[in-house]
Amino acid sequence: GRMAWGQPAAQNELLIERVRASDPALTALHLLPFRRLSDEELTQLMAAVKTNTALQELGVVKPLPPSALEALADALAANQRLRTLSAGNNTLADEGVAILCRQGLQHNEGLRCVDFSLKGMGPAGAAAVGHVLWTHKTVVDVSLCDNLLGDDGLRNLLRGYRVAADATVATPAGCKLEVLRLDRVGLTGAGGSALGSFLSSPATNTALANLTVISLNGNNLATSPEDRQDCLELYLALGRLPKLVTLEMDGCQIGDRGVETLCLGLLDRLHAGCASASFVKKLSLGNNNLSAVAASNLAHLLASAEKHLGIKMPHLLALSGNKLGDSGAELLASASSVARLEDVDRMERDLHIDLSKNDLTPKALAAFATKSCMATTLEFLGNDFSSLTLDGDESLQAKVLLALGDGDVILPKLRSLDLSGVYLREVDVVRLVQLMSNENAMP
């Protein structure tokens, strides 16, 4: 019981008293929508947070009346022990975000994670966040997902850095940002271009030098050919971020050219002597209209990472919903393989490759088998294997069965294989069940 998720309404008074008394067992308070609290009770609870010394996490997924919003802002200004904040719902809007930022966050020196996702904010709210973000000394993780920021909102967020720089007549020294999530905020190519310029300009590129995670899922950055060209600077700059280990860009429509440019940026990091611990571990590029051309560039990146760092990268290569085809899968299989099985033990990283819904046939699985792929997890969900079944070609059947463990184990580190929705025939399913009972099959 270290969390209070929402006891019956009759216990509201007890909960308020526990917060007032800094109950040491109550380190995380999450008030979900079904928790019935009157406006007065909610205000009293937020006021109690002001002097609490035990709470580290505060999540209030409820509408905040003006009195409770003001009380929370005062609490944030005074309470330096809170580490994680998520407040309000989609009724918070620009005005509520501005109150929390300017009356609370601006005076806080303890928070590390701020979640303003799904808060109904637009460009004005983004400006309020930008006003405090770049000079905050402790915040390392910011999420603004699922808001209607648009390109103007992103520009407002970034403009806050320039305002802070002008005010200090120097680079703002306070920003410690490591995680920035901007999923589904309505960015187009114009916003992507603005972010690319921000990351590339000598005047601003140090602002996000500590960034380890950036997530841009669900923003269509290629609404026109001009957008695709304008965003190339962004992809190159993202690849060059010195500490980036996780990049998520599912559904951004960056295309083959975008992947090529991103890989060039990542290769620049390799050639600059990047340490293996700070190189990319997760690269998520699902639903980006990629073909075997993109697979070729990613394969080259995999091979280069092994050459320079002695590792297979990344931990996760997520490419679902593209059009890599068997030829693209074969390129990735070759790049994620070892020349000798005795080299298996020196490969420390797990390697998870997701090729779901990529127009693959069993030939793709056979390619991973014959190349001694080092993947620990392979996902082939939603590919149509019915066009070339396991027993439709003797040589192919032998390769696939060997890969799955019937005889010598050709996929030496494989622990998980997902074939959900691949449209195998009944006879193939029966054969796979028999195969998994083999004592040499993968664990």
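Residues numbered from 1 in each chain as written. Predicted model: local features only at pLDDT ≥ 70, side-chain atom pairs only at ≥ 80, totals over all residues. Heavy atoms only, no water.

Q: For this particular structure, what's the right way to read the layout of surface pockets?
A: Over the atoms rolls a probe the size of a water molecule, and its path tells where empty space is left. As a volume, the largest pocket reaches approximately 320 Å³. What lines the largest pocket is a set of 18 residues, among which Gln 106, His 131, Val 132, Thr 135 and His 136 lie closest to the centre. If you list the elements that add at least two residues to the lining of the largest pocket, you get helix 5 (123-133) and helix 6 (150-168). Top element by residues in the lining of the largest pocket is helix 6. It accounts for 6 residues. When grouped by side-chain class, the residues that make up the lining of the largest pocket number 6 nonpolar, 9 polar and 3 charged. (1 Å grid on protein atoms, 1.4 Å probe; cavity = no way out; pocket = protein on both sides within 12 Å on 5 of 7 lines; lining within 4 Å. Points joined across faces, edges and corners; volume = space filled by probe spheres on them. Helix = DSSP H or I, 4+ residues; strand = E, 2+ residues; numbered from the N terminus. Nonpolar A, V, L, I, M, F, W, Y, C, P; charged D, E, K, R; others polar.)

Q: When you look at the nonpolar core in this model, what are you seeing that I'm missing?
A: Nonpolar side chains tend to gather and get buried jointly when the protein is soluble and globular. Membership of the largest hydrophobic core comes to 117 residues, with the highest contact counts inside it found for Phe 116, Leu 238, Met 249, Leu 285, Leu 332, Leu 355 and Phe 368. Among the elements that take part in this core, helix 11 (residues 292-309) stands out by supplying 8 residues, more than any other. Filtering out sequence-adjacent residues up to four positions away, Leu 238 remains in contact with Leu 199, Ile 214, Leu 216, Leu 244, Leu 247, Met 249 and Leu 262. (Core = buried A, V, L, I, M, F, W, Y, C linked by side-chain atoms within 4.5 Å. Buried < 20%, exposed > 50% of the residue type's maximum accessible area, 1.4 Å probe, protein only. Contact = heavy atoms within 4.5 Å.)

Q: Sorry, what's going on with helix 10 (residues 255-271) here?
A: Residues three or four positions apart in an α-helix share a direction because the helix packs 3.6 residues into each turn. Compared with an ideal rise of 1.5 Å per residue, which puts 17 residues at 24 Å, helix 10 spans 25 Å between its outermost C-alpha atoms and is within 8% of the ideal. Restricting attention to buried positions, one finds in helix 10 the residues Gly 255, Gly 258, Val 259, Thr 261, Leu 262, Cys 263, Gly 265, Leu 266, Leu 267, Arg 269 and Leu 270. Where the residues of helix 10 are buried, they touch helix 9 (232-240), strand 9 (246-248), strand 10 (282-284) and helix 11. Phi turns positive one or two residues past the end of helix 10, at Gly 273, with a value near 90°. (Expected span 1.5 Å × (residues − 1).)

Q: Looking at this structure, I do not really get empty space enclosed by the protein. What am I missing?
A: Applying the stated criterion across every chain yields a total of 1 cavity of 30 Å³ or more. The space that makes up the largest cavity amounts to roughly 90 Å³. If you go around the largest cavity, the residues you meet are Cys 101, Leu 105, Val 114, Phe 116, Val 129, Val 132, Leu 133, His 136, Val 139 and Val 142. Per-element accounting of the lining of the largest cavity gives the leading share, 3 residues, to helix 5.

Q: Please explain the environment of Thr 377 as it appears in this structure.
A: Relative to the helices and strands, Thr 377 resides in strand 13 (residues 377-379). You can call Thr 377 buried: its relative accessible area is 17%. Between the C-alpha atoms of Thr 377 and Ser 416, which are 39 residues apart in sequence, the distance is 4.7 Å.

Q: Would you explain the pairing of strand 4 (residues 84-87) in this entry?
A: Residues in a regular strand point their side chains to alternate faces of the sheet. Looking at chain direction, strand 3 (residues 57-60) and strand 4 are connected through 4 bridges and run parallel. Within strand 4, the position partnered with Leu 58 by the bridge is Leu 85. With respect to chirality, the unit in which strand 3 leads through helix 3 (residues 66-78) into the neighbouring parallel strand 4 is right-handed. As paired elements, strand 4 and strand 5 (residues 113-115) share 3 bridges and run parallel to each other. By the bridge assignment for strand 5, Ser 86 is matched with Asp 115. Between the parallel elements strand 4 and strand 5, the chain passes through helix 4 (residues 93-104) in a crossover that is right-handed. (Pairing = 2+ DSSP bridges. Right-handed = clockwise from strand over helix to strand, strands pointing away.)

Q: Just to check I follow, could you spell out the pattern of salt bridges for this structure?
A: Where side chains of opposite charge bring their charged atoms close, a pairing between them can arise. For the structure on display, the rule yields 6 salt bridges. A salt bridge links Asp 268 to Arg 240; the nearest nitrogen and oxygen atoms lie 2.8 Å apart. Highlighted residues: Asp 268 in helix 10 and Arg 240 in helix 9, separated in sequence by 28 residues. Between Glu 248 and Lys 282 there is a salt bridge, and its shortest N-O distance comes to 3.0 Å. In this pair, Glu 248 sits in strand 9 while Lys 282 sits in strand 10, placing the two residues 34 residues apart along the sequence. (Salt bridge = Lys/Arg side-chain N within 4 Å of Asp/Glu carboxyl O.)

Q: Teacher, can you tell me more about the pairing of strand 3 here?
A: Bridge count between strand 2 (residues 28-31) and strand 3: 4 bridges; the pairing is parallel. When the bridges of strand 3 are listed, Leu 31 appears paired with Val 60.

Q: Teacher, can you tell me more about the packing of helix 7 (residues 189-200) against helix 9 here?
A: For any two helices packed against each other, one specifies the crossing angle of their axes together with the interaxial distance. Contact geometry of helix 7 with helix 9 gives a least axis separation of 7 Å together with a crossing angle of 45°. When the interaxial angle is binned, helix 7 and helix 9 end up oblique. Here helix 7 runs over helix 9; the crossing is left-handed. From helix 7, Gly 192, Leu 195, Gly 196, Ser 197, Leu 199 and Ser 200 reach across to helix 9, where they touch Glu 233, Leu 234, Ala 237 and Leu 238. Partitioning the contact of helix 7 with helix 9 into residue classes produces 5 nonpolar, 4 polar and 1 charged. (Axes fitted to C-alpha atoms, helices over the stretch in contact; angles between N-to-C directions. Parallel < 35°, antiparallel > 145°, perpendicular 65-115°, else oblique. Left-handed = near helix turned anticlockwise from the far one by under 90°.)

Q: Would you mind showing me how to read unusual backbone geometry here?
A: Peptide bonds are, in most cases, trans, and in most cases residues other than glycine have a negative phi. One non-glycine residue, Ser 22, lies in the positive phi region at around 55°. Along the chain, Ser 22 turns up in the loop between helix 1 (12-20) and strand 2. A relative accessible area of 16% means that Ser 22 is categorised as buried. Notably, Asn 289 is not glycine yet its phi reads approximately 60°, a positive angle. In this fold, Asn 289 is placed in the loop between strand 10 and helix 11. By relative accessible area, Asn 289 is classed as partly exposed at 47%.

Q: I'm lost on the packing of helix 2 (residues 39-49) against helix 3 in this one. Help?
A: Packing of helix 2 against helix 3 leaves a shortest axis separation of 8 Å and a crossing angle of 5°. With respect to helix 3, the element helix 2 is oriented roughly parallel. Packed against helix 2, whose contacting residues are Asp 39, Leu 42, Thr 43, Met 46, Ala 47 and Val 49, the element helix 3 presents Ser 67, Ala 68, Ala 71, Leu 72 and Ala 75 at the interface.

Q: Would you mind going over the packing of aromatic side chains with me for this structure?
A: Geometry of an aromatic ring pair is reported as the spacing of the ring centres plus the angle between the planes. Tallied over the full model, the rule gives 4 aromatic pairs. Aromatic side chains Trp 134 and Tyr 161 sit 5.5 Å apart centroid to centroid with 85° between the ring planes, which places their arrangement in the edge-to-face category. Taken together, the residues Trp 134 in the loop between helix 5 and strand 6 (141-143) and Tyr 161 in helix 6 connect sequence positions 27 residues apart. One exposure class covers both Trp 134 and Tyr 161, and it is buried. With a centroid separation of 5.7 Å and 45° between ring planes, the pair formed by Trp 134 and Phe 198 is classed as tilted. Pair noted here: Trp 134 is in the loop between helix 5 and strand 6 and Phe 198 is in helix 7, with a separation of 64 residues, a long-range link. (Phe/Tyr/Trp six-rings, centres within 6.5 Å; stacked < 30°, edge-to-face > 60°.)

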